[in-house]
Structure formats: structure tokens, C-alpha cells
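# Tertiary structure, described
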Amino acid sequence: MKQGIRIRGVKLRPRFFVFLLLSALCIFGLIVGGMRLLDRYRGPSEEAPYVEQIGGIPVIRDLIEEDVPGRPGTLRTIRYIVIHETGNDGKGAGAASHNNYIHKEAALQTLSWHYTVDDKVIYQHLPDNEVGYHAGDQLTEDGGNMCGIGIEVCVNPESDYDKALENAAALAARLMDAYDLPMKALKKHQDFSGKNCPQRLIEQDRWDEFCDMVKQQLKAKK
Ligand SMILES: [Zn+2]
């Protein structure tokens, strides 16, 4: 006699049970695939309005000139906030100095990011909805360059690192709120290319602390 499988008292033949299971899997696959496709056709993100200050810190929007290697102007869907550190611990290597630096370098090579933050000021170098070259993963689909907003945190000695982190957390929260991104969208440069960046945050084992700072800022917005 063939053995059946009982579900809520209804006896099912094994073959029918397998058919049901496969059908459920197919429907699940179609739903997930459809959602991904819809997401793809959502098109490029529209940039959120410029704000003059975030958490009491001025935001200076000084964009890199258009149509240079570092600013190809490619529009994309924003999926991540990618946290970096400048790795430059020389005196004077604050946000203003990096703003000058990236304006020069982006004209020469595929190098750019969206914001640089120190303890006193935030500079914006690229519109949020344009591709930048900071995550070391070229233009990989759904990658850090293709879909991330790159934020560089300064580590120069005259900048208060903790305050710079606080400012970066406020900026990240503002962007995550503006583009409706979940906590898992908050990434380290390391997540995309393996580079030891943001170096101090990683080496001091403070990434979770930083994520909590962003979470608190996001909570305050609700
Ligand atoms: Zn980096």
C-alpha cells in the first residue's frame, strides 16, 4: 500500500505533495524575481533637496566639474551609504583640504566620492544620485560605486575624531531617511573591496558603535 502524507487530516500522495511544494517554490521565485525587476525599473533616484546644515554642522555644496573622469554623471538608484576614512593624518588634512584635492584628482582619474566630513564642516563633492569612484569595485552592478553614496571621515590630528564620527552619523542618517534606506544599507568600504577602510573605525572595533549612532539619529527623525 502507498504511504500518504497527512496534512490537517487530508491524505496526500507523495507525488502530489512534491508537486505542491514545487508550485509553492515557483510562485515564491516569481514574486521575488518580479520584485527585483520592479526595483530595477524604478529608475535612478531623484536627489533630495539640499540642506544648509545637518545637526548644526554647515554643508558646503561645491561640486566637481561635470564630464571629467571622476564625475561621468551616470545616474543610478541609491542603495547604500559607504563609509570611508581619508587615512590622511597629516596636519591640515580636513574636509576643506580634501575638497580641493578631489576637485583636482577627479579631473585626472576615476576617483571621487560624495561627502567629506570633519569635526566642523561637511563638504559635498557629487550629487547623491550620480556614480562616484570610491568603493574599489568599478561599476559592478548593485556595487558600492554604482549604488553607494561615499562619505569620507577625516582623521587629521586637529580634527576631533569623535565629533567627526558624530557628524558623519548625522549625515548618514539624513541620507538614509531621505532615500528610505534600511540599516543594512549602511556599509563600510571594506564590504565592497576588502580594503581596510574605514581603518581607525575597524581597528578600534567601533563599527557597531557607529551604526548605533546612526540608529539613534534615525530614531530622532521618526
Ligand atoms: Zn575607503
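Up top is the structure these notes are about.
Residues numbered from 1 in each chain as written. Predicted model: local features only at pLDDT ≥ 70, side-chain atom pairs only at ≥ 80, totals over all residues. Heavy atoms only, no water.

### Details of the overall build of the protein chain
Of regular secondary structure, the protein chain possesses 7 helices and 9 strands. Across its three principal axes, the protein chain shows a C-alpha extent of roughly 85 × 35 × 30 Å. Taken over 222 residues, the protein chain has a buried fraction of 43%. At a minimum sequence separation of 6, the contacts of the protein chain that also span at least 24 residues come to 71%. For the protein chain, the exposed surface amounts to about 12,400 Å²; the carbon and sulfur share of it is 54%. (Helix = DSSP H or I, 4+ residues; strand = E, 2+ residues; numbered from the N terminus. Buried < 20%, exposed > 50% of the residue type's maximum accessible area, 1.4 Å probe, protein only. Contact = heavy atoms within 4.5 Å. Areas by Shrake-Rupley, 256 points an atom, 1.4 Å probe, with all protein chains shown as cover.)

### Things to note about the pairing of strand S4 (residues 57–61)
For strand S3 (residues 53–54) and S4, the ladder comprises 2 bridges, and the chain directions are antiparallel. When the bridges of S4 are listed, Ile54 appears paired with Ile57. Hairpin remark: S3 followed by S4, antiparallel, with 2 residues in the connecting loop; positive phi at Gly55, about 60 degrees. For S4 and strand S7 (residues 122–124), the ladder comprises 3 bridges, and the chain directions are parallel. Residue pairing in the sheet places Arg61 in a bridge with Gln124 of S7. (Pairing = 2+ DSSP bridges.)

### With respect to helix H7 (residues 207–221)
For H7, spanning 15 residues, the distance from its first C-alpha to its last is 22 Å, which sits close to the expected 21 Å at 1.5 Å a residue. Turning to H7, its buried residues are Trp207, Phe210, Cys211, Val214 and Leu218. What you see down the axis of H7 is that its buried residues fit within an arc of 100 degrees, all on one side. Facing away from the buried side of H7 by over 90 degrees, the exposed positions are Asp208, Lys219 and Ala220. Looking at the buried side of H7, the elements it contacts are strand S5 (80–85), helix H4 (161–178), strand S9 (186–188) and helix H6 (199–203). (Expected span 1.5 Å × (residues − 1). Arc of directions from axis to C-beta.)

### Re the pattern of salt bridges
What the rule picks out here adds up to 9 salt bridges. A salt bridge links Glu47 to Arg61; the shortest N-O distance between them is 3.1 Å. Residue Glu47 is found in the loop between helix H1 (14–40) and S3, and its partner Arg61 is found in strand S4; the two are separated by 14 residues along the sequence. Owing to a relative accessible area of 34%, Arg61 belongs among the partly exposed residues under this scheme. Among the ionic pairs, Arg206 bridges to Asp162, the shortest N-O distance being 3.1 Å. Here Arg206 is found in the loop between H6 and H7, whereas its partner Asp162 is found in helix H4, with 44 residues between them in sequence. Salt bridges here are not isolated pairs; linked through shared partners, they connect Asp162, Arg206 and Glu209. (Salt bridge = Lys/Arg side-chain N within 4 Å of Asp/Glu carboxyl O.)

### Here's the deal with the coordination of the zinc ion
Coordination sphere of the zinc ion, protein contribution only: His84 (ND1), His189 (ND1) and Cys197 (SG), at 2.1 to 2.3 Å. Every donor residue of the zinc ion comes from the same chain, spaced as H-x104-H-x7-C. Separated by 113 residues along the polypeptide, His84 in strand S5 and Cys197 in the loop between helix H5 (190–193) and H6 bring together distant segments of the chain. Using a relative accessible area of 4% as the deciding quantity, one classes Cys197 as buried. (Donors = N, O, S within 2.8 Å, 3.2 Å for Na, K, Ca; no water.)

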